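Chain by chain, the residues run as shown.
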Amino acid sequence: MKKFFRDSRTSLAMGVFLFFTVVAVLSMLAAEYQNLQTDDYEEILTECAPDGVLVYGADDSAPPLRFAGEDGVYKGVVVDYVGQLSLELGIEISAVPYKWDDAIRALKEGKTDLCDMFVNEERSKYFVFTDPIYTLRTVIVVRIGNDYNLADIHSMRVATQKGDYANGYMETNYPDAELTYVHDVGEGLQLLMEGQVDGVIGDEPVVSYYAGELGISEQIGTIGTSLYEEPVCLALPKEKSNLVPVLN
């Protein structure tokens, strides 16, 4: 078991690193965008957003990536990225927070236009995807002192966010694990410390952030290095697939 020792300063550093990574990506996108057929792209944007607004809807509780602050403002590294993307494309992108499973549903129903997520077969039934915009490592954390290995996950009670990519991953790779659905990683970590679950699944920067906030960074560790590390893309409803080249 790998000790999970990160405080909120480390979380901030990870957030800053991710921010500059996506800014670098945006710079490359901007350079490429200047060489494309701007008139055609403006026509696509007008077709996909006749009112001049695209709606980005995603997780309300995944700091430092994206979260609704106590002041009611939707913020985070990815929300900042979306704001920069709006400037580059010359179109308003409204950012709206949802519970994660509601964000997926809103995108399916066409209530929103964009959401960043991992790609899997189930999601590909409903969405089309841009090129990757960043990469995330997902971990499973347990309390220090429990000498678990990956094989033990089959018999564990694991907290996971409803609607998360991890759920399909667990059903495929650890079908005997008992999943407990929570609103966010913070709630899962609280259940872990109360002994109601054996482990919590979360994206590494999000786990790090909440562990620092709860003051439990030295009390938890990961099983192995990670469950998986995958690229994250912007997902769009299939009826707006012509927008993908613009975003790429």
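Look a little higher up for the structure.
*Asks:* Would you mind showing me how to read the pairing of strand β2 (residues 53-59) here?
*Replies:* The side chains of a regular strand alternate between the sheet's two faces. Counting buried residues along β2, seven of its seven residues qualify, which places the element largely inside the surrounding structure. Bridge analysis of β2 against strand β6 (residues 92-98) gives seven bridges, and the strand direction is parallel. Pairing of aspartate 59 across the sheet is with tyrosine 98, part of β6.

*Asks:* Explain helix α8 (residues 204-214) to me, please; I cannot follow it from the model alone.
*Replies:* Because each turn of an α-helix spans 3.6 residues, side chains separated by three or four positions end up pointing in the same direction. Among all positions of α8, only Glu204, Pro205, Val206, Val207, Ser208, Tyr210 and Ala211 are buried. After α8 finishes, the residue glycine 215 shows a positive phi value of roughly 70°.

*Asks:* Got a minute to help me understand empty space enclosed by the protein in this structure?
*Replies:* Gaps left between atoms show up when a probe the size of a water molecule is rolled over them. Applying the stated criterion to the full structure yields two cavities of 30 Å³ or more. Of the volumes computed, that of the largest cavity is approximately 220 Å³. Residue lining of the largest cavity: 22 residues in total, with Asp59, Arg66, Gln161, Asp164 and Asp203 positioned closest to the centre. Contributing elements (two or more residues each) for the lining of the largest cavity: β3 (61-62), β7 (115-117), β8 (127-143) and β11 (199-203). Along the lines of polarity and charge, the residues of the lining of the largest cavity split into twelve nonpolar, four polar and six charged.

*Asks:* Where do I start with the sheet that holds strand β4 (residues 66-68) in this structure?
*Replies:* Within a beta sheet, neighbouring strands are joined by backbone hydrogen bonds and run either parallel or antiparallel to one another. Judged by pairing direction, the sheet is antiparallel, and its three strands sit side by side in the order β3-β4-β5 without closing on themselves. Edge positions in the open sheet fall to β3 and β5 (74-75), since each of these has one partner strand only. Pairing between β3 and β4: two bridges, direction antiparallel. Bridged to serine 61 within β4 is phenylalanine 67.

*Asks:* What is the right way to read the layout of surface pockets from this model?
*Replies:* By volume, the largest pocket amounts to about 330 Å³. Around the largest pocket, the lining is made up of 17 residues, and of these Lys108, Glu122, Arg123, Gly163 and Asp164 lie nearest the centre. When contributions to the lining of the largest pocket are tallied by element, the ones reaching two or more residues are α4 (100-108), α5 (121-124) and α6 (165-173). Split by residue class, the lining of the largest pocket holds five nonpolar, four polar and eight charged.

*Asks:* Which parts of the structure should I look at to understand the nonpolar core?
*Replies:* Counting residues in each nonpolar core, the largest one holds 72 residues, and the members touching the most others are Tyr56, Met117, Ile153, Leu189 and Leu243. Take this core: its biggest share by element is ten residues, from β8. Discounting chain neighbours no more than four positions away, the residues touching methionine 117 are Trp100, Ile104, Leu107, Arg123, Phe127, Phe129, Val232, Cys233 and Ala235.

*Asks:* Explain the environment of valine 77 here, please?
*Replies:* Mapped onto the secondary structure, valine 77 falls in helix α3 (residues 77-89). When the C-alpha atoms of valine 77 and leucine 65 are compared, they prove to be 4.9 Å apart, with twelve residues separating the residues in sequence.

*Asks:* Explanation requested: unusual backbone geometry in the structure shown.
*Replies:* Backbone phi values are negative for most residues with the exception of glycine, while trans is the configuration of most peptide bonds. Between proline 63 and the following residue, proline 64, the backbone shows a cis peptide bond with an omega angle of 5°. Here proline 64 is to be found in the loop between β3 and β4.

*Asks:* Can you walk me through the packing of helix α7 (residues 185-193) against α8 in this structure?
*Replies:* Each pair of packed helices gets described by two things: the angle between the helix axes and the distance between those axes. In the contact formed by α7 and α8, the axes pass within 9 Å of each other and the chain directions differ by 55°. In terms of orientation, α7 lies oblique with respect to α8. Taken as a pair, α7 and α8 cross one another with a handedness that is right-handed. Contact residues: α7 offers Val185, Gly186, Leu189 and Gln190, while α8 offers Val206, Val207, Tyr210, Ala211 and Leu214. Here the residues of the contact of α7 with α8 sort into seven nonpolar, two polar and no charged.

*Asks:* When you look at the pattern of salt bridges in this model, what are you seeing that I'm missing?
*Replies:* Think of it this way: side chains of opposite charge can pair up when their charged atoms draw near. Inspection of every chain in the model, using the stated rule, returns nine salt bridges. Here aspartate 116 makes a salt bridge to arginine 66, at a shortest N to O gap of 3.3 Å. On the criterion of sequence distance, the pair formed by aspartate 116 in strand β7 and arginine 66 in strand β4 is long-range, its members being 50 residues apart. Between glutamate 109 and lysine 111 there is a salt bridge, with its nearest N and O atoms 3.2 Å apart. A residue is classified by how much of its surface remains accessible, and glutamate 109, at 47% relative accessible area, is partly exposed. Put simply, Arg137, Glu204 and Glu229 are held in one network by salt bridges that share partners.

About the criteria used
- Residues numbered from 1 in each chain as written.
- Predicted model: local features only at pLDDT ≥ 70, side-chain atom pairs only at ≥ 80, totals over all residues.
- Heavy atoms only, no water.
- Buried < 20%, exposed > 50% of the residue type's maximum accessible area, 1.4 Å probe, protein only.
- Helix = DSSP H or I, 4+ residues; strand = E, 2+ residues; numbered from the N terminus.
- Pairing = 2+ DSSP bridges.
- 1 Å grid on protein atoms, 1.4 Å probe; cavity = no way out; pocket = protein on both sides within 12 Å on 5 of 7 lines; lining within 4 Å.
- Points joined across faces, edges and corners; volume = space filled by probe spheres on them.
- Nonpolar A, V, L, I, M, F, W, Y, C, P; charged D, E, K, R; others polar.
- Core = buried A, V, L, I, M, F, W, Y, C linked by side-chain atoms within 4.5 Å.
- Contact = heavy atoms within 4.5 Å.
- Axes fitted to C-alpha atoms, helices over the stretch in contact; angles between N-to-C directions.
- Parallel < 35°, antiparallel > 145°, perpendicular 65-115°, else oblique.
- Left-handed = near helix turned anticlockwise from the far one by under 90°.
- Salt bridge = Lys/Arg side-chain N within 4 Å of Asp/Glu carboxyl O.

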